[in-house]
Amino acid sequence: MDKSKLYWILQGVGWLGYAGLNLFFLSFDRGITPIQVGAYLSLATFYFLSTHFFRYYIKKNAWFEFSLEKLLKKVFISLVLLSFLNMFAQVFINLVFDILNPLVDLTPLFLLANLFTSFVFYSLWVLMYFLFYFLDNYNATLKYQAKINEIKLIHLRNQLNPHFIFNALNSVRALVDEDPKKAKSAITQLSNILRYSLIMDKHKVIPFGEELNTVKDYLNLELIRFEERLTVNYEIEEAAFHYKIPPMMLQTIVENGIKHGISNLMRGGIIEIKSSIGLLGDLYIWVKNSGQLKGEAVSRKPGEGHGISNTIERLKLIYGGRASFKIFNHGQEFVVTEIKIPKQNSNLE
């Protein structure tokens, strides 16, 4: 519903409800007369107009841009002034409808009671109005931030896609001259990879199994190229297939291990992919590859290499601080990458 329309509905229903509630309790005392109905409706109308003017004054003078201390002072002073105006309005309305009893209605105690009651009703209105305003702006901020994050994610995925395809094409190109028969098999693997890379752009996260299948296609492609220089091992816990992870995340880590680790070793090396569920239900993924981690490998910005820093940024955008990423040397021969995907996001769409 439009916010302006909602405001008018709540404003009208709220103050009519105030008049109706007073008349309801009055009916138990001495009954309701048309004059009393008119008096309470007039008082409700004054509340309606005075609060609406107060809202207009707040918006016109940009009170929400004030510091909290200044805002509270101005609100308190305004509530006191409105309460005094309302107290005089009640006396005037009673006078107009000829139901004013000076011996009671004009006594200091009665006037003070009316003043206090008016202050309470105006305070409740201000509380609801300010609460609605801040909640509405908070939701707008969340939506804006979500949109910004989505744009960043798309940008990061677009960085990875051509980089991924370029690496796969290079692998096939190397086989065309070396072994045409193996090249045909590699092209089949490549078609699966390309199909995946086109589909994954539509999703923030995908099933772990889909990502793993593409990684297997990619590694099968690399096995054809590296032959005995590459060994691949998998150790996947069955429960991991119930989780979802960012697309290209595992693929990027594996590519990174091949490019910066195994391809630089004369004897080649191994790639091990493991996954298990932690005690708190989080998904842990480990990629172990032959090689040694260099300091500059983790210092690249997302646009420089499209590897580790890109993955870290996407994890942060999707999961906040609930996910984690670690990469470290394991002894003198291996590099281990550890990623934690939080349990509460396992079914994230």
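Analysis parameters
In this numbering scheme, every chain counts its residues from 1 along its sequence in written order. For this predicted model, a pLDDT threshold of at least 70 governs which residues receive local features, and a threshold of 80 or more governs which side-chain atom pairs are given and counted, while totals over whole chains, interfaces and linings are taken from all residues. The basis for the side-chain values is all heavy atoms of the structure; hydrogens and waters are excluded. In this text, helices come from DSSP runs of H or I with a minimum length of four residues, and strands from runs of E with a minimum of two, each type numbered from the N-terminal end. With a 1.4 Å probe rolled over the protein chains alone, any residue whose accessible area is under 20% of its type maximum counts as buried; one over 50% counts as exposed, and the rest are partly exposed. When checking whether two residues touch, look at their non-hydrogen atoms; a contact exists if any pair is within 4.5 Å. Computed with a 1.4 Å probe, the accessible areas rest on the Shrake-Rupley method; for each residue, only the protein chains presented here act as cover. Angular values range over 0 to 180 degrees, each being the angle between N-to-C directions of two axes fitted as lines to C-alpha atoms, with helices fitted over their stretch in contact. Note on angle classes: values under 35 degrees are labelled roughly parallel, values over 145 roughly antiparallel, values of 65 to 115 roughly perpendicular, and the remainder oblique. Here a crossing is taken to be left-handed if its near helix is turned anticlockwise relative to the far helix by less than a right angle, and right-handed if that turn runs clockwise. Three categories are distinguished: nonpolar for Ala, Val, Leu, Ile, Met, Phe, Trp, Tyr, Cys and Pro, charged for Asp, Glu, Lys and Arg, and polar for the others, with Gly belonging to the last. We define a nonpolar core as any set of buried Ala, Val, Leu, Ile, Met, Phe, Trp, Tyr and Cys residues linked to one another through side-chain atoms lying within 4.5 Å. The criterion for strand pairing is that DSSP finds at least two bridges linking the strands in question. Note on definitions: salt bridges are taken to be side-chain nitrogens of Lys or Arg within 4 Å of carboxyl oxygens of Asp or Glu. Only Phe, Tyr and Trp rings take part, Trp by its six-membered ring, and two of them pair if their centres are within 6.5 Å. Stacked means planes under 30 degrees apart, edge-to-face means over 60, and tilted covers everything else. Working rule: Lys NZ or Arg CZ, within 6 Å of ring centre, within 35 degrees of ring normal, means a charge sits over the ring.

A. Representation of the overall build of the chain within the structure. Each helix and strand in the chain was counted, giving nine helices and seven strands. For the chain, with 349 residues in total, the buried portion stands at 40%. Within the chain, counting contacts between residues at least 6 apart in sequence, those at least 24 apart form 74% of the total. For the chain, the computed accessible surface area is about 20200 Å², with 63% contributed by carbon and sulfur atoms.

B. Expanded view of the packing of helix α7 (residues 208-226) against helix α8 (residues 249-260). The N-to-C vectors of α7 and α8 enclose an angle of 20°; their axes lie 8 Å apart at closest approach. When the axes of α7 and α8 are compared, the pair comes out roughly parallel. In this structure, α7 meets α8 at a crossing whose hand is right-handed. When α7 is examined against α8, the residues F208, E211, L212, T214, V215, Y218, L219, E222 and F226 are found in contact with a partner set consisting of M249, L250, Q251, V254, E255 and I258. The class makeup of the residues in the contact of α7 with α8 is 10 nonpolar, two polar and three charged.

C. Just the nonpolar core, in detail. Ranked by internal contacts, the top residues of the largest apolar core, which has 41 residues, are L219 and L250. Of the residues forming this core, the biggest block, eight residues, is contributed by α7. If we ignore the near neighbours within four places in the chain, the residues touching L219 are L230, V232, Y234, V254, I258, I271 and I273. In terms of nonpolar packing, the next biggest core, distinct from the first, is built from 21 residues, W15, A44, W63 and Y122 among them.

D. A look at the side chain of D105. Take D105: it is sitting in helix α4 (residues 102-105). Apart from residues no more than four positions distant in its own chain, D105 is found in contact with N94, I99, L100, F110 and L111.

E. Structural detail: the sheet that holds strand β2 (residues 230-236). If you trace the five strands from one edge of the open sheet to the other, you get β2-β4-β5-β7-β6, paired in mixed fashion. In the strand order of this sheet, the two ends are held by β2 and β6 (324-330), each with one partner. Shown here is a sheet whose adjacent strand axes are inclined to one another by a mean of 10°, direction ignored. Looking at chain direction, β6 and strand β7 (residues 334-341) are connected through seven bridges and run antiparallel.

F. Spotlight on the pattern of salt bridges. Within the structure shown, the criterion is met by three salt bridges. A salt bridge links K73 to E69; its shortest N-O distance comes to 3.6 Å. With K73 and E69 both in helix α3 (residues 68-96) and four residues apart, the pair spans about one turn of that helix. A relative accessible area of 56% means that E69 is categorised as exposed.

G. Here's a closer look at the packing of aromatic side chains. Here the structure, examined in full by the defined rule, presents 18 aromatic pairs. Judged by centre distance (5.2 Å) and plane angle (65°), the rings of Y7 and W8 are edge-to-face. Classification of W8 as partly exposed rests on a relative accessible area of 40%. Summarising the aromatic geometry, the rings of Y284 and W286 are spaced 5.9 Å apart at their centres and angled 15° between planes, so their arrangement reads as stacked. You can call Y284 partly exposed: its relative accessible area is 22%. Counting every residue linked through ring pairs, the aromatic cluster contains F53, F54, Y57, W63, F66, W125, Y129 and F130. When the ring centre of F334 is taken as origin, the NZ or CZ atom of K288, which lies over that ring, is 4.4 Å away.

Any functional reading would require information that these geometric values do not contain.
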